[in-house]
Amino acid sequence: MAEAQPVHTARGGATEVELTRGQQVAARRAAESRATIPDITLELLVDLGSALARGLDPDDLLIAACARALREHPRLNATYRDARVLCHERVNIAVAVATDDGVALPTLFDADAHDLGAIAARRAAIAAGARAGSLEPPAFAGGTFTVHGPSLCAVDRVRVLVEPGQVAVLAAGAVRERPAPSAWCTLTVDRRALDAAQAGRFLARVGELLDQPALLS
């Protein structure tokens, strides 16, 4: 990161910080998403009591639930292009990871083909690589859906923009006692590719799987 430089304006002293290359890429993708993707959002409060009682990690469970639901609802595992929806064969989930350079999105490939234990191991590996800056560019390519897990930030609700080239993203807020352990899941979708009813069925299925983690064993 470039060294911060003092700036003097009518507002008084200020500090100018140049964005890193990764942050510039994220800014461009956010601008592209906002300018080109007409999105809608749906929210669901999910019960994580059963999962936590079994010692399961909410982030890993969310990825597994999304992977299963995407296999059942392929319209969300897709790309919108020229009035067509391209439903992808592979379920490759881009996993949001907090790094010193911002939020990175390494890909957990073929997430639907792995059980919870394998997902946990693979997520830990790609998260460590993203934080260390040791992943090669292909590790960030090929994502068909994005997941922001509940450990990413400590707020109750999180709304995230759809990544260009995808049609949906799911972000979970922090786990709270309400009175049972639960988290708000916010699904944002490209309205050109699917409607609220289709998105709602997917989100409801994710909620069912999170409420009954044995279904993901």
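K.L.:
What is the right way to read the packing of aromatic side chains from this model?
P.N.:
The relation between two aromatic rings is expressed through the spacing of the ring centres and the mutual angle of the planes. Enumeration over the complete set of coordinates arrives at one aromatic pair. In this structure, Arg157 is placed above the aromatic ring of Trp184, and the distance from its NZ or CZ to the ring centre is 3.9 Å.

K.L.:
Explain the pairing of strand β10 (residues 145-148) to me, please; I cannot follow it from the model alone.
P.N.:
A regular strand places its side chains on the two faces of the sheet in alternate fashion. Across the two faces of β10 the burial is the same, with Phe145 and Val147 and Thr146 and His148 all buried. Relative to β10, strand β6 (residues 93-95) runs parallel, the two being bridged by three bridges. Its bridge partner lying in β10, Ala94 is registered against Thr146. Summarising the sheet, β10 and strand β11 (residues 168-172) pair through three bridges and their orientation is parallel. Counterpart to Thr146 in the pairing with β11 is Val169.

K.L.:
Looking at this structure, I do not really get the environment of His148. What am I missing?
P.N.:
Its place among the elements puts His148 in strand β10. In this structure His148 comes out as buried when scored by relative accessible area, which is 11%. In sequence terms His148 and Leu62 are 86 residues apart; their C-alpha atoms lie 8.9 Å from each other. In this structure, His148 is in contact with Leu62, Ala96, Val103, Leu105, Val160, Val169, Leu170, Ala171 and Ala172, ignoring residues within four places of it in sequence.

K.L.:
Would you explain empty space enclosed by the protein in this entry?
P.N.:
Vacant regions in the atomic arrangement are exposed by a probe of water-molecule size rolled over the atoms. Overall, the coordinates contain one cavity of 30 Å³ or more when judged by the stated rule. Lining the largest cavity are Val46, Leu48, Pro58, Leu62, Pro150, Ala172, Ala183, Cys185 and Leu210. Class assignment of the residues belonging to the lining of the largest cavity gives a composition of nine nonpolar, no polar and no charged.

K.L.:
Explain the packing of helix α3 (residues 58-72) against helix α4 (residues 116-132) to me, please; I cannot follow it from the model alone.
P.N.:
Packing of α3 against α4 leaves a shortest axis separation of 9 Å and a crossing angle of 115°. Relative to α4, the crossing made by α3 is right-handed. Counted together, Asp59, Asp60, Leu61, Ile63 and Ala64 of α3 and Leu116, Ile119, Ala120 and Arg123 of α4 form the full contact between these two elements. Broken down by class, the residue content of the contact of α3 with α4 amounts to six nonpolar, no polar and three charged.

K.L.:
Can you walk me through unusual backbone geometry in this structure?
P.N.:
Glycine aside, a negative phi is what most residues show, and trans is what most peptide bonds show. In this structure, Pro179 follows Arg178 across a cis peptide bond, with omega equal to -10°. Position of Pro179 among the secondary structure elements: in the loop between β12 (176-177) and β13 (181-190). Its identity as a non-glycine residue notwithstanding, Asp82 has a phi of 50°, on the positive side. Tracing the chain through its elements places Asp82 in the loop between β4 (78-81) and β5 (84-87). The exposure class assigned to Asp82 is exposed, which follows from its relative accessible area of 62%.

K.L.:
Would you explain the nonpolar core in this entry?
P.N.:
The nonpolar side chains of a soluble globular protein tend to be buried, and buried together. Among the nonpolar cores identified, the biggest contains 46 residues, and Ile93, Leu170 and Leu187 are the most heavily contacted of them. Mapped by element, the contributors of at least two residues to this core are β3 (39-47), α3, β6, α4, β10, β11, β13 and α5 (196-211). Counting residues per element, this core draws most heavily on α3, at nine residues. With residues near it in sequence (within four places) discarded, Leu170 still touches Leu62, Cys66, Phe145, Thr146, Val147, His148, Cys185, Thr186, Leu187, Phe202, Leu203 and Val206. Formed by six residues, the second largest nonpolar core is a distinct cluster that contains Ile37, Val158, Val162 and Ala171.

K.L.:
Is there a simple way to think about the side chain of Thr146 in this case?
P.N.:
Structurally, Thr146 can be placed in strand β10. Separated by 2.8 Å, the side chains of Thr146 and Gln166 make a polar contact.

K.L.:
Explanation requested: the layout of surface pockets in the structure shown.
P.N.:
As a volume, the largest pocket reaches approximately 940 Å³. For the largest pocket, the lining is made up of 35 residues, of which Val25, Ala26, Val103, Ala104 and Leu105 are closest to its centre. Of all elements in the fold, only α1 (21-36), β8 (102-104), α4 and β10 reach the threshold of two or more residues within the lining of the largest pocket. Considering every element that reaches the lining of the largest pocket, the biggest residue donor is α1, with seven residues.

K.L.:
Looking at this model, I keep getting lost on the environment of Leu116. Mind explaining?
P.N.:
Note on placement: Leu116 falls in helix α4. Along the backbone, Leu116 and Leu62 are 54 residues apart, and their C-alpha atoms lie at a distance of 9.9 Å. With sequence-adjacent residues up to four places away left out, Leu116 is seen in contact with Leu56, Asp60, Leu61, Ala64 and Leu216.

Criteria and thresholds
- Residues numbered from 1 in each chain as written.
- Predicted model: local features only at pLDDT ≥ 70, side-chain atom pairs only at ≥ 80, totals over all residues.
- Heavy atoms only, no water.
- Phe/Tyr/Trp six-rings, centres within 6.5 Å; stacked < 30°, edge-to-face > 60°.
- Lys NZ or Arg CZ within 6 Å of the ring centre and 35° of its normal.
- Buried < 20%, exposed > 50% of the residue type's maximum accessible area, 1.4 Å probe, protein only.
- Helix = DSSP H or I, 4+ residues; strand = E, 2+ residues; numbered from the N terminus.
- Pairing = 2+ DSSP bridges.
- Contact = heavy atoms within 4.5 Å.
- 1 Å grid on protein atoms, 1.4 Å probe; cavity = no way out; pocket = protein on both sides within 12 Å on 5 of 7 lines; lining within 4 Å.
- Points joined across faces, edges and corners; volume = space filled by probe spheres on them.
- Nonpolar A, V, L, I, M, F, W, Y, C, P; charged D, E, K, R; others polar.
- Axes fitted to C-alpha atoms, helices over the stretch in contact; angles between N-to-C directions.
- Left-handed = near helix turned anticlockwise from the far one by under 90°.
- Core = buried A, V, L, I, M, F, W, Y, C linked by side-chain atoms within 4.5 Å.
- Polar contact = N/O pair within 3.5 Å; in protein donor to acceptor, adjacent residues only side chain to side chain.

So far we have only geometry, and geometry alone does not tell us how the molecule works.
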